[in-house]
Structure formats: structure tokens, C-alpha cells
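# Architecture at a glance
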Amino acid sequence: MAFFGVFLSWATLSLPVWGGTPELTRILDSSLGRAIFKSTEGQKLSEALMGRSLSSGVDMDLLIGRLSLQDPDTLLLKVRLEEQVSKIESELRQSGNINAEDLENFKLNPDQSKILKKLITRYLTLEELGEAEKGSLRFVELAESTEISNAAQKFLRGDEAGAGILPADILGSYKRTQALYDQIKKLHPKIQVFMPDEAVGFLLADVEMPDFVLNLEKVLEAVKSDRTHKSLSSKLETAFLEILEGEVPAETISSRIKALFEGGADFHILRRALGEMTLEEVQLKLHGGNPLKPTPESLLGQYIKSTGAATVVRSFPKYATNGCKGGSSGQGPKRLVVALSQQSLSEYLRLLKSKDYLVHVHTPQQGTLFVAFNGRTGAYGRLAATLRLPSSETIMPHILLSSTEGQRADQFFRLAGAADVGGYSSNGAALRPWLLGEQPNVPANPSLVQSVEYYCKKGGYDNCTSWFQNIPVGDRFVNEYHLPGALDSYASNKIGKKPVVTPLNLYEHPNPLAHQVWKAPYGNEQLAEILDLRKESDKAELVNPGWVAVSLTGPAGVDRVPVVFYVVADHRLPIPKDFDPKIDPK
């Protein structure tokens, strides 16, 4: 089974941390081991994995759940970057001189095996593991396919554990989906050919990506309610087509379903069949391949055709016109500008209300950053209102996100708009990660209180816009974030002009959703990074609404920001090619 071989490559790096030999004990006591098991729950877990007895009365299921809620990813099981893997491997070998023979002779007792299986189920996905060479190490007892699938199937967050992490409707969907799958498996055992237990289990274990579970529920409901005498494969094909048509590029649908029906579908293939889109596919769906000339069947093409909206192709300056410092010189790439009015707003929302687009809603001479996402808009990360037509001459640069990036953005905005927990501000947890770990009656400056563990250092800015560049949405994992220094009089933290490069530390916070957004010691890439605007971010050009507008229309690539909607009184009237975008960064 590919899963075993794949797991072995990770076992070579990870299992030594959990062993009981003297060499492996030294690793646990190393700086890496202490970082991994820093929390109280982590220490208890490490004791169990090291073969030491747990305190009486410890609920193992609760322990695993609490660890995942309070210290997500501290076990490094979701790190995908090759350079991070190499770094971990190097430290392990320096600490313990681990070799293949040590690993081959490594055994787990039943309790250790049970814990490890739960961790595998919770943290690893077949997509993350990928394909690897078959190994000779004997770890079948750690990952028996039936036991892993059973653990995966049984994994569902309870109401208490899910509070603040998943909305009630999504949490309910996880439970309904599991029940539906079990029902249909009894009626149609062959469903496991197309949707194996392992793939479904891992899908249900990934609470960061609920949209795929919602679509799986729709597919299973369709199969359950189909009373025809069609074969199971025909019923599934009809159900998946209904999910995919109009939601993904039409030319990719047949390959998605074909891969699923070839048998032995893994987690990645199932997610694709449920509508996952890469950035390139989001681009294809939006404009058809050429951002300056949308195809008639693309979303932009449909909007332009159905509304008669005017368009113009133009570039924008990479710098401000009022002499502000910073910024690159010259013009940015050519972008499509499309007219939007009150009369065409409903069609815009019908076609482009989606998690695939993060929109800067930049009104003339804007003083507070406003964004729109999935049909809602607001400031300070709170998407409190349904998107209505902004004032005339508003520009709306659209940032494209892949399916996985869009769901992380949704998670961020849910945290920013959530109710406060335990006296702590959920909005502050989203917008000010440098305060995560702050304790009551303790000064908020980490440099003054070394005993308090904060998530990261603070940059030079803390205002209505500084949070925008930091949204952790990228698929890549990194172990440090970049924050701009204090480059002008608007900086609230006088720390010098150099960018702050800060590691990501474990921290305490009562809202579990905060830990799901701000991961440690490895976090998802910042928005500025995936936009390739690190240089602009380091120069503090993404901490001011005007500079955000400049950066998104100027230096940002067309792959990420291909279209700018322009609010006018009549969307059918021609747009002057040299219209003033009314950007005033200061």
C-alpha cells in the first residue's frame, strides 16, 4: 500500500522523537524536542510515547483533542517544505545519530501505537504525504489500513471541541457526512472502490477545509435519494457532475471524475472530484486563459456579455504620485478594468461571490481599509455587511486565491468576527498575532516580560490596515514571518526601519480558532508573500489603504490580481483609459 511506504519516509524523521532508547531520549531533550512538546499536554503525550506511564484518570481521546486544539502542528507532521524537512533531519542526526537499524528495531507498546494512530489520522493527509519509495522498515503495526481507516472514520469533533472552530452548520455537516457514508457503504459496499475509507477519513479529519466535506455530503445525499436502477458508478457520476458543473473549469471535469473512477482514489483525487481548484484553475474559470481578453464562457466573459459592461485595458503606477517615499518606479503590468454599477451589481454577485476572491474595496481618498470576501464587506477584518455598491470611482482590485487559500482566508475572517472568548478579543487575536500569549495583568510588551510566551514579535505598525498583509493563507509552511519596521511618523512601535523577522512561538490563548489560524512553530505563508510583495511589505507599503491600492494595481502580478472593477453610475458607458483611480497614500 502506498500509504505505508510514504509514511516510512516521514517516520525516518519523526519517530525518533517518540522512541524510548537512550539515543532517542537525547533527541526529546534537544531544543527541537522541547519545542515540539512545550505545552503541558505535549509533555504528557511525550511521556506516554516514551513508554512512561500516564497519570491515572487521563482520557487519551481528550488529551489528543486538547493537544490539537491548543498546539496545532507542533508535532511537525504537516510541514511540507523540503528545506524544513532537511533541517529537521539534520538536527535529529546530530542529536541522536539515528540510522535505519535503530528505526527497524523500534517497537511501540499498544498504548503508544494507539496514540500514534490518532496523530496520523489527525495531522497527515494522503495529499501531504504524496508518493514515496517502498521501505523495508517494519511499521505495519503502526498503520494497519483497517485500523487507520476506522480511526479516521470515527474522528469527528464533538460540540464542545468544535466550538469556535467550525460554524454549527458545518460541524453538523461533518457528522451527517460520516453517517451518510456509513449508510451508503452498507447498501453499496463497492463505494469504497471510488471513495476508500482512508480517503474519506482524512477528508473528515481536515477541519481546515470544510467546503470539501459540504460537497461530499451533497454527493452522498444524491446517491442516497437516487431511486433509479442505475449502477452505483452512474449514480456517483451524476452526483459529482452536479457538484462540478459551473464550479470548476469545464475542461477539467472529465479528468477529475475519470481519476476517481479508475479505482483506488486517494485523498487528493477525492478532493479534486469535490471541486478543489488550483490558482491556475481559478484563473481559467475567471477569464479563460487571457486576463486581458476573457472568453465568453468565463465568469468575466459572462458578466460583460450579460450586462454590456464597458472595459478598458490599462496599467497603473507602481508608486504614489504625491511624492511619498518607497515603491518601485514605472508602471505595473496591464490589467483589465471592468465597469460596475448599481444595475449590474446583482449579476456581479451571482457570478463572483466566492471564496476565490479577496477584494480591496478602495473608495476615493480612503482612510480605513475595506475588503470584500464571499459577498460580504467590512473593516478591521469584520465582514459585517452584505456587499452593496460602493461610492462612485471606487476601484476594486481582485486578489485570486486557490480553494485551499480561500478556505484559510474564510477561517481568518471567522476569527476576526467571532465573539470574544474568556475575556480575550477574537478580533485582536486575528489582527494582532504579536499579542497572542498575553496574560492578564501582564504588560503587553514581550521585550519587557521574558516569561510570557508570545506568538511573534511586533512590527512597527498596528492600525486599520497592518493586518491585511499578514493573513496566513498560503499552502507553504514557514517558520518565520516578516513585519515592516517603523518607516514613518505613522508607526506606533518605534523599533527602527529594518523589517522584523520573527520566529513563530507556541502560545496560550482560550479561543481554539486562534490556534487554527496562527499555527506554531510553522505557519501558513502571509498574504504579502503569496502576492510576491515582500519588498513592498518590508517598506511598509501594505499598512496604509492607499499603499495597498498602489501595490495591488501596480507591482502585483496579473496572475494574482488580473482584474480591477471600477464603480460608475452607468456600467455601459466607456471608461477613460487615463481615469484617476483616486489613490492618496499617506
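The coordinates are above.
### A look at the overall build of the protein
If you tally the helices and strands in the protein, you get 27 helices and twelve strands. Relative to its 586 residues, the protein shows a buried fraction of 56%. Taking as baseline every contact in the protein between residues at least 6 positions apart, the subset at least 24 positions apart corresponds to 73%. Element-wise, carbon and sulfur atoms account for 51% of the exposed surface of the protein, whose accessible area totals about 24,400 Å².

### Comments concerning the packing of helix 15 (residues 210-225) against helix 16 (residues 232-244)
Orientation of helix 15 relative to helix 16, taken along the N-to-C sense of each, is 140°, at an axis distance of 9 Å. With respect to each other, helix 15 and helix 16 are oriented oblique. Here helix 15 and helix 16 pass one another in a crossing that is right-handed. Of the residues in helix 16, those touching helix 15 at Asn215, Lys218, Val219, Ala222 and Val223 are Leu232, Lys235, Leu236, Ala239, Phe240 and Ile243. Here the residues of the contact of helix 15 with helix 16 are counted per class, giving eight nonpolar, one polar and two charged.

### Some thoughts on the packing of aromatic side chains
This model, assessed by the stated rule, comprises 15 aromatic pairs. Note on tryptophan 467 and phenylalanine 468: the rings are 6.2 Å apart at their centroids and 75° apart in plane angle, and the pair reads as edge-to-face. For the pair tryptophan 467 and phenylalanine 468, a shared accessibility class is recorded, and that class is buried. Centroid distance tyrosine 566 to phenylalanine 579: 4.1 Å. Interplanar angle 25°. Geometry classified as stacked. Separated by 13 residues along the polypeptide, tyrosine 566 in strand 12 (residues 563-567) and phenylalanine 579 in the segment after strand 12 bring together distant segments of the chain. One exposure class covers both tyrosine 566 and phenylalanine 579, and it is buried. One aromatic cluster in this structure is built from Phe373, Phe412, Phe413, Tyr455, Trp467, Phe468, Tyr481, Tyr507 and Trp518. Above the face of the phenylalanine 579 ring, arginine 314 is positioned so that its terminal group lies 4.7 Å from the ring centre.

### A look at the layout of surface pockets
There is about 620 Å³ of room inside the second largest pocket. Asp211, Asn215, Glu247, Lys285 and Ser354 are, among the 27 residues lining the second largest pocket, the residues nearest its centre. Among the secondary structure elements, those contributing two or more residues to the lining of the second largest pocket are helix 15, helix 16, helix 21 (345-352) and helix 22 (403-417). The biggest single contributor to the lining of the second largest pocket is helix 15, with five residues. Here the residues of the lining of the second largest pocket are counted per class, giving nine nonpolar, nine polar and nine charged.

Reading the values: rules and limits
Residues numbered from 1 in each chain as written. Predicted model: local features only at pLDDT ≥ 70, side-chain atom pairs only at ≥ 80, totals over all residues. Heavy atoms only, no water. Helix = DSSP H or I, 4+ residues; strand = E, 2+ residues; numbered from the N terminus. Buried < 20%, exposed > 50% of the residue type's maximum accessible area, 1.4 Å probe, protein only. Contact = heavy atoms within 4.5 Å. Areas by Shrake-Rupley, 256 points an atom, 1.4 Å probe, with all protein chains shown as cover. Axes fitted to C-alpha atoms, helices over the stretch in contact; angles between N-to-C directions. Parallel < 35°, antiparallel > 145°, perpendicular 65-115°, else oblique. Left-handed = near helix turned anticlockwise from the far one by under 90°. Nonpolar A, V, L, I, M, F, W, Y, C, P; charged D, E, K, R; others polar. Phe/Tyr/Trp six-rings, centres within 6.5 Å; stacked < 30°, edge-to-face > 60°. Lys NZ or Arg CZ within 6 Å of the ring centre and 35° of its normal. 1 Å grid on protein atoms, 1.4 Å probe; cavity = no way out; pocket = protein on both sides within 12 Å on 5 of 7 lines; lining within 4 Å. Points joined across faces, edges and corners; volume = space filled by probe spheres on them.

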